[in-house]
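Each chain is listed here by its residues.
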Amino acid sequence: MKQKKFMLEESELPKQWYNIQADMPNKPLPPIHPATKQPLGVDDLAHIFPRECCVQELDQEHPFIDIPEPVLEKYRYYRSTPLVRAYALEEALGTPAHIYFKNESVNPLGSHKINSALPQCYYAKEEGTTNVTTETGAGQWGAALSYAASVFGLEAAVYQVKISMQQKPYRSSIMRTFGAAVTGSPSMSTRAGKDIITRDPRHPGSLGTAISEAVELATTTPNCKYTLGSVLNHVAIHQSIIGLEAEKQMQKAGEYPDVVIACFGGGSNFGGIAFPFMRHNILDGKTTEFIAAEPESCPKLTRGEFRYDFGDEAGYTPLLPMYTLGHAFKPANIHAGGLRYHGAGMIVSQLIKDGLMHGVDIPQLETFEAGLLFARTEGIIPAPESSHAIAATIREALKCKETGEEKVILFNLSGHGLIDMSAYEQYLNGDLMNYKITDDDIKKNLESVPEV
Ligand SMILES: *Cc1c(COP(=O)(O)O)cnc(C)c1O
């Protein structure tokens, strides 16, 4: 019998996260203040985020960071997650490649987001905070945060993009089931929301409007901190639990990946699976290839520019050094909601500049085709986001079929798609299409990015 699934014993679970900043040949540039253009320190960030997250955000020194015991205890509810050899997918493709996936859909919330929601809420609680707030688009992050807040006894207020709230009603029910207060954004509950509604009473909402409202709530409410589910360095640190486990599980399988692939929104699940392996490229001369799969309709890695830009549409956040399509960029309404973000995380942006990884952009229809093949062979319906990683994996596996190479490919299955069935429904009915943006559109959007 060929072994299909590789798990870790409880005693083998990682007790530290990995922080690639310490090992990077060129460190990420610092976030800067939009007015003074001065680099920001822990104190500048700590009135918005839990302080320990800010310390981790700017830590370029310590490669390994202890996971607090109460977080480990909660990780043990669902970790390790399985590393699976996708024999049936290999067979369907007729490829000599060995395909493995790390299944991050196997937890109460169905995506990797919970890996960072737990520590962010733990640190908030530890510093005496009583409330946390955030924004959510498709709702995976909001759901994970709502659960983590209830675990650590915090009140959670989530601003959900209004149009997503209407399109994906079950996600707000999930958040409310965990005890969170969910508000559609823009709302009349904040100044920012009122301003937006006054200007445009029928504004459908965006991540930009929701971020502005959540940040305003955090900065005007005592004992309330803001949390973010992607993009930032400390989120990638927490997500490294994925790759650290995968490293041990690949050892059990007796293999080492030649290619590591993940889908890319802000970079947290990509960094999570990739960075612990990239460490061996940087320090030990390994030659693994790292591929981040983004939507063709939101191609910041492959067609964006490396610039200082805002993290939100309204321009309330610090300026971050990143590959960006411009903070005013409005991506097409594709179903991979978690990948519709205009910029890439600071670490990933530097790594791309340094040639340690690269992006590929994938049309929407190809991702659904890949998702269907994966469902029919491996029995798991993937999140539309994760299907980008599957599509990139299939491309690599088919290259191996041509060349006869027996490459070992590892990809991250960031979540399942069971709450995204309306997207599959549309695909199956032939109602989905591809969206490619023109060079002119990209150029126009980048005009609003400030000169630094
Ligand atoms: C949020 C999300 C993503 C994209 O976010 P990253 O920070 O780039 O990982 C990908 N897949 C799923 C299932 C998500 O929920």
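Here the structure is a predicted model, which means the values were calculated and not measured.

K.L.:
Describe the overall build of the protein, and please don't skip the residues or the numbers.
P.N.:
Broken down by element type, the protein carries 18 helices and 15 strands. Its C-alpha atoms give the protein a radius of gyration of 20 Å, within 12% of the compact-globule value 22 Å for 452 residues. Counting only C-alpha atoms and orienting by the principal axes, one finds that the protein spans roughly 60 × 50 × 45 Å. Evaluated residue by residue, the protein yields a buried proportion of 61% over its 452 residues.

K.L.:
Which residues make up the pattern of salt bridges, and what values do they have?
P.N.:
Going through the model one piece at a time under the given rule, you end up with 19 salt bridges. Where Glu10 meets Arg76, a salt bridge forms, and the shortest distance between an N and an O atom there is 3.8 Å. Separated by 66 residues along the polypeptide, Glu10 in the loop between strand E1 (5-6) and strand E2 (16-18) and Arg76 in the loop between helix H3 (69-75) and strand E4 (83-85) bring together distant segments of the chain. We classify Glu10 as exposed; its relative accessible area is 54%. In this structure Arg76 comes out as partly exposed when scored by relative accessible area, which is 30%. Between Glu451 and Arg307 there is a salt bridge, with the nearest N and O atoms lying 3.7 Å from each other. Here Arg307 lies in strand E12 (residues 305-310) and Glu451 lies in the segment after helix H18 (439-446), a separation of 144 residues in the sequence.

K.L.:
Now, about the packing of aromatic side chains: what can you tell me, with residues and values included?
P.N.:
The description of an aromatic ring pair uses the distance of the two centres, along with the angle that the planes make with each other. For the coordinates displayed, the defined rule picks out 16 aromatic pairs. Measuring from ring centre to ring centre gives 6.4 Å for Phe6 and Tyr100, while their planes differ by 50 degrees; the resulting arrangement is tilted. With Phe6 in strand E1 and Tyr100 in strand E5 (residues 98-103), the pair connects residues that are 94 residues apart, well separated along the chain. Taking relative accessible area as the criterion, Tyr100 reaches 2% and is therefore assigned buried. For the ring pair Phe368 and Tyr427, a centre distance of 5.3 Å and an interplane angle of 20 degrees mean the geometry is stacked. Highlighted residues: Phe368 in helix H15 (residues 364-378) and Tyr427 in helix H17 (residues 421-428), separated in sequence by 59 residues. Residue Phe368 shares its accessibility class with Tyr427, and that shared class is buried. Members of the aromatic cluster, each reached through a chain of ring pairs, are Phe101, Phe374 and Phe411. One residue, Lys286, lies across the ring of Tyr256, its end atom 4.3 Å from the ring centre.

K.L.:
Please give an account of the sheet that holds strand E8 (residues 181-185) that cites residues and values.
P.N.:
Pairing is parallel across the open sheet formed by four strands, whose spatial order is E8-E7-E6-E9. Since the sheet does not close on itself, it has two edges, and those belong to E8 and strand E9 (224-226), each with one partner. Averaged over all neighbouring strand pairs, the angle between strand axes comes to 25 degrees, with direction disregarded. As defined by bridge partners, strand E7 (residues 155-161) adjoins E8 across five bridges and the pair is classed as parallel. Within E8, the residue paired with Val158 across the bridge is Val182.

K.L.:
Pulling in residues and values, what's your account of the sheet that holds E5?
P.N.:
In spatial order, the strands read E1-E4-E5-E15-E10-E11-E14; together these seven strands make up an open sheet with mixed pairing. Edge strands, defined here as strands with exactly one partner in the open sheet, are E1 and strand E14 (358-362). Two elements, E1 and E4, share two bridges in a ladder whose sense is antiparallel. Each residue of the ladder has a partner; that of Phe6, found in E4, is Leu83. Sitting on the sheet, helix H12 (residues 268-284) touches E5, strand E10 (259-263), strand E11 (289-295) and strand E15 (408-413), and the angle it makes with E10 is about 160 degrees. Each of E4, E5, E14 and E15 touches H15; the most contacted strand, E14, lies at about 90 degrees to it.

K.L.:
Describe the site of the ligand, listing the residues and the values that go with them.
P.N.:
The environment of the ligand is made up of 18 residues, and the closest members are Lys113, Ser230, Gly265, Ser268 and Ser414. A distance of 3.2 Å is found between an oxygen atom of the ligand and a side-chain nitrogen or oxygen belonging to His112. A distance of 3.0 Å separates an oxygen atom of the ligand from a polar backbone atom of Gly266. When isolated, the ligand has an accessible area of 380 Å², and the protein chains bury 97% of it.

K.L.:
Requested: an account of the packing of helix H5 (residues 114-126) against helix H6 (residues 140-151), with residues and values cited.
P.N.:
Contact geometry of H5 with H6 gives a least axis separation of 8 Å together with a crossing angle of 40 degrees. On the basis of their axis angle, the class for H5 and H6 is oblique. Handedness of the crossing formed by H5 with H6: right-handed. Within the contact between the two elements, H5 uses Ile114, Ser116, Ala117, Leu118, Gln120 and Cys121 and H6 uses Trp141, Ala144, Leu145, Tyr147, Ala148, Ala149 and Val151. Looking at the contact of H5 with H6 residue by residue, the classes come out as eleven nonpolar, two polar and no charged.

K.L.:
Go over the packing of H5 against helix H11 (residues 233-253), please, and point to the residues and values.
P.N.:
Their axes nearest at 8 Å, the elements H5 and H11 cross at an angle of 125 degrees. Our classification of the angle between H5 and H11 gives oblique. As for how H5 packs across H11, the hand of that crossing is right-handed. The residues of H11 that touch H5, namely those facing Asn115, Ser116, Pro119, Gln120 and Tyr123, are His234, Val235, His238, Gln239, Ile241 and Ile242. Tallied by class, the residues present in the contact of H5 with H11 amount to five nonpolar, six polar and no charged.

K.L.:
Tell me about unusual backbone geometry, and please be specific about residues and values.
P.N.:
Of note, the bond from Arg79 into Ser80 is cis; its omega dihedral lies within 30 degrees of zero at 0 degrees. Its location among the elements puts Ser80 in the loop between H3 and E4. Residue Pro186 is reached from Ser185 by a cis peptide bond, and omega for that bond is 5 degrees. Within the chain, Val231 stands out as a residue other than glycine whose phi angle is a positive 65 degrees. Inspection of the secondary structure assignment puts Val231 in the loop between E9 and H11. Exposure remark for Val231: the relative accessible area of 12% places this residue in the buried category.

Each value, and the rule that gives it
- Residues numbered from 1 in each chain as written.
- Predicted model: local features only at pLDDT ≥ 70, side-chain atom pairs only at ≥ 80, totals over all residues.
- Heavy atoms only, no water.
- Helix = DSSP H or I, 4+ residues; strand = E, 2+ residues; numbered from the N terminus.
- Rg over C-alpha atoms; globule rule 2.2 N^0.38 Å.
- Buried < 20%, exposed > 50% of the residue type's maximum accessible area, 1.4 Å probe, protein only.
- Salt bridge = Lys/Arg side-chain N within 4 Å of Asp/Glu carboxyl O.
- Phe/Tyr/Trp six-rings, centres within 6.5 Å; stacked < 30°, edge-to-face > 60°.
- Lys NZ or Arg CZ within 6 Å of the ring centre and 35° of its normal.
- Pairing = 2+ DSSP bridges.
- Axes fitted to C-alpha atoms, helices over the stretch in contact; angles between N-to-C directions.
- Contact = heavy atoms within 4.5 Å.
- Near = heavy atom within 4 Å.
- Polar contact = N/O pair within 3.5 Å; in protein donor to acceptor, adjacent residues only side chain to side chain.
- Areas by Shrake-Rupley, 256 points an atom, 1.4 Å probe, with all protein chains shown as cover.
- Parallel < 35°, antiparallel > 145°, perpendicular 65-115°, else oblique.
- Left-handed = near helix turned anticlockwise from the far one by under 90°.
- Nonpolar A, V, L, I, M, F, W, Y, C, P; charged D, E, K, R; others polar.

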